[in-house]
Amino acid sequence: MIKISNGLLEDIRNYQNDPLLEEKGELMVQGKAPDFKVGPDNILRCNKRVCVPNVAGIRKLILEEAHKRKLSIHLGATKMYKDLKQNYWWPGMKKEVADYVASCLTCQKAKVEHQRPAGMLQSLDVPEWKWDSISMDFITRLPKTRRMHDSIWVIVDRLTKSSHFLPVRTTYNVAKLTEIYISEIVKLHGVPSSIISDRDPKFTSHFWGALHEALGTKLRLSSTTEKVKNIKEKMKASQDRKKSYADKRRRPLDFEEGDHVFLRVTPTTGVGRAIKTRNLTPKFMGPYQITSKIGPVAYRIALPPFLSSIHDVFHVSQLQKYIPDPSHVIKPDTIQLKDNLSFEAIPVRIEDRKMKLLRNKEIPLVKIIWNQATGDATWELESAIREKYPELFTDT
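Undergrad: Please explain the overall build of the protein as it appears in this structure.
TA: Each helix and strand in the protein was counted, giving ten helices and 18 strands. With 396 residues in all, the protein has 38% of them scored as buried. Pairs at least 24 residues apart make up 59% of the contacts formed inside the protein by residues separated by at least 6 positions. Only carbon and sulfur atoms are counted for the fraction: they give 53% of the accessible area of the protein, which is about 24200 Å².

So, in structure tokens, the structure goes:
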């Protein structure tokens, strides 16, 4: 429940000559506004609710008190409006409350919209010929073989779905991978015209450049057969069907060049697990300016120098529009993002301990506080935390 202070009532009483309140007072005298009455304190009320004059300072003070008070910090628009309308009234109050909550910098950076994912599905072009377009990825963190291979390089032809699985090491650089690709793939299928990978785009571009540098030429088969045409038609029909299903569960979202947006990030623990954040834990960085539109659902963002290692093109689902307000004080972000838009949170302290009992052994766990302000915490293996953050155990 929001309480009305005597100082606020005094300010409202001093502005009873406001044109809006005078108009309602005249209608009340004429009997055309039965809901309005003047109280014993000479303040106009609507169904016992205080009528707030059209004075920006008073309305803003009420909105700030309702949104940022200590007992319920940063309420949503619906809950905040329900609380306010019990004591106050002014025309268009519901819209003003919604606009105020939407422009709150803390809410913009901490609250995620519970809507369908943004960006309609964009189908890839159907390849013209087998092994003309390939996709690649790596399966990593595998046990080492006798030849010290700890990863598998998966290369798939997008047209026929035939695949190659090549043993590699995570320490191989782009030049070494190019050498393997030429010896294992190019000798059998020739040079592709496009490479699709969900890894860092910089890796793909470097690999593509190294491949052309090593070969010196670009080969591409252009002839087709009836069998290939049949495969392409079926792939196109399958893509269209999948797109029609996916777009029903997605929503279009467009930005313009020059707009400012927040970038969605994910805090993780030092042992690689995502932290289950609370309501006011920041989930976005920024705002940053959009410099150009790359495609229907991709935008290039002007990132600060400390994020120069991150590819500057993002899918629209990773962005959230920034709603500016003159009262905003934008503090520069300093966290170091990884390629997957996650960052490693620094532990604050050990809050608690417990033993996880299994059938034949006991596993010691520690409760780690990752954010002092929001209270974000997770239970972690004591051995992993002791190895990663030994300074937390100096006082224990």
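Undergrad: Mind showing me how you'd approach the sheet that holds strand 8 (residues 194-197) here?
TA: Reading across from one edge, 7-6-5-8 is the order of the four strands in this open sheet, with mixed pairing throughout. Strand pairing shows two members of the sheet lacking a second neighbour, strand 7 (163-168) and strand 8, which therefore form its edges. Geometrically, the sheet is characterised by an average inter-axis angle of 25 degrees between neighbouring strands, direction not taken into account. Both strand 5 (residues 133-139) and strand 6 (residues 151-157) contribute to a ladder of six bridges, which runs antiparallel.

Undergrad: What is the right way to look at helix 4 (residues 77-84) in this model?
TA: Here helix 4 has its buried residues at Met80, Asp83 and Leu84. An end-on view of helix 4 places all buried positions within 95 degrees of arc, on one side of the element.

Undergrad: Before we go on, may I ask you to explain the pattern of salt bridges in this structure?
TA: Side chains that differ in sign of charge can pair as their charged atoms come close. In this structure the tally under the stated criterion is ten salt bridges. Between Asp99 and Lys95 there is a salt bridge; the shortest N-O distance is 2.9 Å. With Asp99 and Lys95 both in helix 5 (residues 93-103), this residue pair falls four residues apart, about one helical turn. It is possible to trace a salt-bridge network through shared partners that takes in Arg353, Glu382 and Arg386.

Undergrad: Please clarify how the sheet that holds strand 16 (residues 349-357) should be interpreted in this entry.
TA: Note: strands within a sheet are paired through backbone hydrogen bonds, in either parallel or antiparallel orientation. In spatial order, the strands read 16-17-18; together these three strands make up an open sheet with antiparallel pairing. The outermost strands of the open sheet, each flanked by one partner alone, are strand 16 and strand 18 (377-381). Strand-to-strand, the axes of this sheet are offset by a mean angle of 25 degrees, without reference to chain direction. Inspection of the sheet shows strand 16 paired to strand 17 (residues 362-369) by eight bridges, in the antiparallel sense. Pairing of Leu357 across the sheet is with Glu362, part of strand 17.

Analysis parameters
Residues numbered from 1 in each chain as written. Predicted model: local features only at pLDDT ≥ 70, side-chain atom pairs only at ≥ 80, totals over all residues. Heavy atoms only, no water. Helix = DSSP H or I, 4+ residues; strand = E, 2+ residues; numbered from the N terminus. Buried < 20%, exposed > 50% of the residue type's maximum accessible area, 1.4 Å probe, protein only. Contact = heavy atoms within 4.5 Å. Areas by Shrake-Rupley, 256 points an atom, 1.4 Å probe, with all protein chains shown as cover. Pairing = 2+ DSSP bridges. Axes fitted to C-alpha atoms, helices over the stretch in contact; angles between N-to-C directions. Arc of directions from axis to C-beta. Salt bridge = Lys/Arg side-chain N within 4 Å of Asp/Glu carboxyl O.

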